Structure formats: structure tokens, C-alpha cells
Amino acid sequence: MRFAALLLCLALPAQAQSPEAAAGAAMERLVAAQTQLAAAGGRRDRVQALTETVQAYEDGLAAMREGLRQVAAREAALTTTLAANRAELEAILGILQRIGRTPIPVVQDHPDGALSAARAGGIVADLMPALDAQVTDLRGQLSELAQLRDLRANAAQTLTDGLQEAQAARAALGQAISERTDLPQRFEQDPLQVALLQASTETLDAFASGLAGTLPRSEVILTPTGNLVLPVNGYVLPDDGRGRPGVRIAATPGALVKAPIAGTLLFQGPLLDAGQVVILEPAADVLFIIAGMEQTFGKAGQILPAGAPIGLMGGDLAGNDSNLSENSASEGGQAQQSLYLEVREGQSPINPDAWFALE
């Protein structure tokens, strides 16, 4: 609760959804998930509650990072403004000091006469209220700058605590999934047959096609609508030129990967050089291939509901300095993880945007 509350303090307003709004929503989800977890009696309820908890932590941490980036940007802008105003103010004060040290008879003895001397005095008198206002404004900016620096100084520990709590929730989720036995089972996979298929295929596509050909076909019929959410929170990366039919999705380290739609889990585990892979069959002759995770959940043959956790991204979550970076995730960083998503209909890959909202 303290972690989620501090998210609200750190975040500043943004053009679209403000970070404090995102953090507030994450806090509400976190409280609801914790309540649900405490009241969960069955294993399915526990998995669902832990999934919500992990997602809430991810949303909260993302909101905090966005808030920190805005704090850093505001701090930089204030520093630049203060430097410019300080130079201007020092010049004005220097002039006033010289005027103050000048003997009164000399000040009053204007070369153009008494009228010009009076006008000059009036200019100096008019300058003082504006100067006082500028000094007051500078005091406010200095106070705001000090507060921003205090926030940045305290943010590192807060992020560390949040990351550790998120890791604990992820570990509990993995344990709860390993204990789950209540999901419907469509078939039992032959481990030997799968091992032989892995050994005889050299590409992800060939393995997926061979696997689908050896298992009973689904009876579910779906029409693609192009509005499914991505299996992980992130954004689609540009084509890397390797000619693969799928898309790569940039995600944060340790991000939760979920089933975008209900379907049968055909395969989960390490495969070739694709890392941990999940192959999901949402409908007859349709496969979703999701690769690049560090850890996968579930058992082949299970029918997973939409939103069910299917894996976790890799990366050094706890020791990742990019969590304090002033750059947004879209600017690219070493912490960025890449999830591969491919859609196959029949024996051929198709553009994933037929099923997913890639934008």
C-alpha cells in the first residue's frame, strides 16, 4: 500500500493518461487482487488473484518510471530556467548596487536636466515591484527543485522494494500454477513423440506444423477480428530484416505473458534457438506461436482461459538500472526484452494483424 501510494506522489500530469491516473488504477487493482488472494479458496482462484497481483505491480512500476522521467524532465527545465534567470538577476542587482553607491547629488545631476533625472528615478522605482515578483518566483522554483531532487533520491529504494515484491508475486504464481489440476484436459501428449519431432525439425515453423499434424484437431471455429490484445504489455518493434513472418514485441524484464484468447496449449518448453516457446491453438487450424520467454507455465493439452498466465520474460529485474532511466522504454535500452509472436492458419503463417491489434 505504501509503495502504491508513493506512485501517486511521484507521478506528474501527462498529455494523455497521466501517470498518477495509471498509478491510481494500478493501486486499485493491487488492493483488489490482494483482497481476492486473501479470500481465494481454490487453486484456480489463487492463480487468478496472483495473476492480477503481478499485473498490478507491473502497471504500478511502469507508472512510477514514467513519473520519474517527468520529474527528471521538470528538474532539467527548472535548472535551465534558474541559470538564465540568475544571470539576468545578477546583472540587474549589479546595476542597482552601483546606483546605490553613487552619491545622491550625482544621481540627481542628469546630463539632460531635472526632467530626465525624474524620469530615470521613475524607471528605477517601477523596476522594483517587478524585481520583487521575480525573486519570489525564483524562490518558488528553487523550492520545487529541492522537492524534485528529494523525490529522485527516495525513488531508488521505492523501486527496489516494488521490484522485490513483484518478484515474490511471480514466484508465488509459478508455484500456484504448478499445483493447479482443475483445468480441462483435451489430450495427453506423448513426450517421446514430441522429442522425436524436436530432433527432426530445424525451424520453429516446421515444428509447429508437425505438432499440429499429430494432435486431434480443435472443434472451435473463430473468425479473426484484429482486436486481440498482445500477449505481453509492450509495443511492436520494427522489422529486423530476418524475414520472419511474425512480429517482435518489446517488453520489460520479467513481464507477465498471458494467453490472448482461450485455447488449447499444444506445447510449452525450450525449442531450438527460440528460447522458451508456447504454442496455443485457439481454433481449428489456427496456431499462435509465442517465443522468447525465460519461463513458461502450463501442461500440454490443457485448455487455457483468456488471460491465463503462460510465461514470464527474462532479464535482470532487481538489478536493472534502467528502471531509473530518464529515457522511455520506446527509446530502447539494454533492459528491453523481445517476445516473438507468429500466427499460422493451416500450414501457412499470416500477418498477425489479422488477429491482433498491433498498434
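Right, let's walk through the structure included here.

Each value, and the rule that gives it
Per chain, residues are indexed from 1 in the order of the written sequence. Two thresholds apply to this predicted model, a pLDDT of at least 70 for residue-level local features and 80 or more for giving and counting side-chain atom pairs, whereas whole-chain, interface and lining totals are computed over all residues. No hydrogens and no water enter the side-chain calculation; it runs on all heavy atoms of the structure. Numbering of helices and strands runs from the N terminus, with a helix taken as a DSSP run of H or I at least four residues long and a strand as a DSSP run of E at least two residues long. Accessible area is worked out with a 1.4 Å probe on protein chains only. A residue is then buried under 20% of its type maximum, exposed over 50%, and partly exposed in between. Only the protein chains shown count as cover for residues, with accessible areas throughout obtained via the Shrake-Rupley method and a probe of 1.4 Å. Buried residues of nine kinds, namely Ala, Val, Leu, Ile, Met, Phe, Trp, Tyr and Cys, make up a nonpolar core once their side-chain atoms join them within 4.5 Å. Between two residues, a contact is recorded if the distance between any of their heavy atoms is within 4.5 Å. Two strands pair under a simple rule: DSSP has to find at least two bridges between them. Both cavities and pockets are sets of points on a 1 Å grid over the protein atoms alone; in a cavity a 1.4 Å probe fits but cannot get out, in a pocket the set is open with protein on both sides within 12 Å along at least five of seven lines, and lining residues sit with an atom within 4 Å of a point. Grid points are joined across faces, edges and corners, and a volume is the space filled by probe spheres set on the points. Think of it as three bins: nonpolar holds Ala, Val, Leu, Ile, Met, Phe, Trp, Tyr, Cys and Pro, charged holds Asp, Glu, Lys and Arg, and polar takes everything else, Gly as well.

This paragraph deals with the overall build of the protein chain. Assigned secondary structure in the protein chain consists of 7 helices and 11 strands. Relative to its full complement of 359 residues, the protein chain shows a buried share of 40%. When the accessible surface of the protein chain is split by element, carbon and sulfur atoms take 54% of a total near 18,600 Å².

Within the largest apolar cluster, 28 residues are counted, with the highest numbers of intra-cluster contacts made by V232, V257, F288, M313, L339 and F356. Breaking this core down by element, the ones donating at least two residues are β2 (247-251), β5 (276-283), β6 (286-293) and β10 (337-345). No other element matches the 4 residues that β6 contributes to this core. The residues touching L339, leaving out its near neighbours within four places in the chain, are P231, V232, V247, R248, I249, V257, I290, A291, M293 and M313. Counting 18 residues, the second largest nonpolar core, distinct from the first, contains L204, F207, L215 and L266.

Within helix α7 (residues 204-214), the full set of buried residues consists of L204, F207, A208, S209 and L211. In this structure, the buried side of α7 is in contact with α6 (191-200), β4 (263-270), β5, β6 and β10.

Let us look at the environment of D285. The residue D285 is located in the loop between β5 and β6 in this model. Each C-alpha atom of the pair D285 and S209 lies 9.9 Å from the other, and the pair is 76 residues apart in sequence. Beyond its immediate sequence surroundings of up to four residues, D285 is in contact with R217, R344, E345 and G346.

What follows covers the sheet that holds strand β7 (residues 295-296). Across a sheet, strands are paired by hydrogen bonds formed along the backbone, either parallel or antiparallel in direction. Within the open sheet, the 3 strands sit side by side as β3-β9-β7. Their pairing is antiparallel. Each edge of the sheet is formed by a strand with only one pairing partner; in this case those strands are β3 (256-258) and β7. Of the strand pairs in this sheet, β7 and strand β9 (residues 309-312) are connected by 2 bridges, and their pairing is antiparallel. Residue pairing in the sheet places T296 in a bridge with G311 of β9.

So, on to the layout of surface pockets. Looking at the second largest pocket, its volume works out to about 420 Å³. Residue assignment for the lining of the second largest pocket shows that the elements contributing at least two residues are α7, β6 and β10. Broken down by element, the residue count for the lining of the second largest pocket peaks at 4 residues, all from β10. Looking at the lining of the second largest pocket residue by residue, the class counts come to 8 nonpolar, 3 polar and 7 charged.

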